[in-house]
Amino acid sequence: LDPINITVKMKLALFALFAGSAAAFAPAQTGRSSTAMSMEMDRRAAFGQIAAAGAAIAAIPSVANADGAVSAASKNRARGLYGDRIAALEAAVAKGDFAAVAAEKNAFILFNSGAYPSIKDKANKAAAIDGTNKIFAAIRSKDAGALKSAYGDYVKANSINPLPDVDSSTGQGYSSDYDFRVRSKAGAIYVR
């Protein structure tokens, strides 16, 4: 998407919104026969113009193309939380425990959407989803060899590592209660 194109569309949408709002509250140019009738007509015209402005805004789909709060911290959080759950499946994959891997399907889905949230990551996200599909195709066919291969490729391609074990006597794993590592095996904090 072209950022200049999006900016121009946003400016046009805001202009249409402001013009519609200003027109809705402008005094009527027609002669008034009675107070009750003119009040009813003004209200009806105002609501009609507000509805028209709302419809104009709703007709511009690119304005609603927001990506939310995407930052390095939110990507790191997804990698830490869901990547650790995926990395913890290594023993289950080695044993051929299909049920254990299938039970963590949401970890794969959330990792794919959280680690690759923006449009710039579209190719990486597509590759991660393809890897996830290969893992679950192996589960459906009950092929332990294909599961090991697909899981290994997925972990390698997405650089998935488990969270480290942190002991409070040797280090610190987080710095505040809002850190994603606070309730994990990396959630140790040094206290004097």
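Here, the structure is the one placed above.
These remarks concern the structure in this document. (Residues numbered from 1 in each chain as written. Predicted model: local features only at pLDDT ≥ 70, side-chain atom pairs only at ≥ 80, totals over all residues. Heavy atoms only, no water.)

### Considering the nonpolar core
- Ranked by internal contacts, the top residues of the largest apolar core, which has 24 residues, are Ile86, Val101, Phe108, Phe111, Ile135, Leu147 and Tyr154.
- For Leu147, the contacting residues outside a window of four places in its chain are Val93, Phe98, Val101, Ile135, Ala138 and Ile139. (Core = buried A, V, L, I, M, F, W, Y, C linked by side-chain atoms within 4.5 Å. Buried < 20%, exposed > 50% of the residue type's maximum accessible area, 1.4 Å probe, protein only. Contact = heavy atoms within 4.5 Å.)

### Notes on the packing of aromatic side chains
- Within this structure, the stated rule accounts for four aromatic pairs.
- Ring geometry for Phe108 versus Phe136: centroids 5.6 Å apart, planes at 90°, classification edge-to-face. Remark: Phe136 occurs in helix H7 (residues 122-140) and Phe108 occurs in helix H6 (residues 105-115); sequence separation between them is 28 residues.
- Of the residues examined, Phe108 reaches a relative accessible area of 0% and is grouped as buried.
- Judged by its relative accessible area of 8%, Phe136 is buried.
- With a centroid separation of 6.3 Å and an interplanar angle of 90°, the aromatic rings of Phe111 and Tyr116 are classed as edge-to-face. Of the two residues, Phe111 and Tyr116, neither departs from the other in class, the shared state being buried. (Phe/Tyr/Trp six-rings, centres within 6.5 Å; stacked < 30°, edge-to-face > 60°. Helix = DSSP H or I, 4+ residues; strand = E, 2+ residues; numbered from the N terminus.)

### Comments concerning the pattern of salt bridges
- The tally for this structure, following the rule as stated, stands at three salt bridges.
- Across the pair Asp121 and Lys75 runs a salt bridge, and its minimum N-O distance is 3.3 Å. Of the two residues, Asp121 sits in the loop between H6 and H7 while Lys75 sits in helix H3 (residues 72-87), which places them 46 residues apart along the sequence.
- Classification of Asp121 by relative accessible area gives buried; the value is 13%.
- Of the residues examined, Lys75 reaches a relative accessible area of 24% and is grouped as partly exposed.
- A salt bridge links Glu104 to Arg85, with the shortest nitrogen-to-oxygen separation between them at 2.8 Å. Residue Glu104 is found in the loop between helix H5 (98-103) and H6, and its partner Arg85 is found in helix H3; the two are separated by 19 residues along the sequence. (Salt bridge = Lys/Arg side-chain N within 4 Å of Asp/Glu carboxyl O.)

### Focus on H6
- Restricting attention to buried positions, one finds in H6 the residues Ala107, Phe108, Phe111, Asn112, Gly114 and Ala115.
- On its buried face, H6 is in contact with H3, H5, H7 and helix H8 (144-157).

### Here we look at the environment of Ala150
- Position of Ala150 among the secondary structure elements: in helix H8.
- Among the residues examined, Ala150 registers a relative accessible area of 11% and is labelled buried.
- Counting along the chain gives 18 residues from Ala150 to Thr132, while the straight-line C-alpha distance between them is 8.1 Å.

### Brief notes about the packing of H7 against H8
- With their axes 8 Å apart at the nearest point, H7 and H8 run at an angle of 165° to one another. Relative to H8, the element H7 lies roughly antiparallel. The hand of the H7/H8 crossing is left-handed. Contact with H7, carried on its side by Ala128, Gly131, Thr132, Lys134, Ile135, Ala138 and Ile139, involves Ala146, Leu147, Ala150, Tyr151 and Tyr154 of H8 and no other residues of that element. (Axes fitted to C-alpha atoms, helices over the stretch in contact; angles between N-to-C directions. Parallel < 35°, antiparallel > 145°, perpendicular 65-115°, else oblique. Left-handed = near helix turned anticlockwise from the far one by under 90°.)

### Some points on the packing of H3 against H6
- Contact geometry of H3 with H6 gives a least axis separation of 8 Å together with a crossing angle of 160°. Regarding the angle of H3 to H6, the classification is roughly antiparallel. Considering the relative orientation of H3 and H6, their crossing is left-handed. Contacts between H3 and H6 involve Ser74, Lys75, Ala78, Arg79, Tyr82, Gly83, Arg85 and Ile86 from the first element and Ala107, Phe108, Leu110, Phe111, Gly114 and Ala115 from the second.
- A class-by-class count of the residues in the contact of H3 with H6 yields eight nonpolar, three polar and three charged. (Nonpolar A, V, L, I, M, F, W, Y, C, P; charged D, E, K, R; others polar.)

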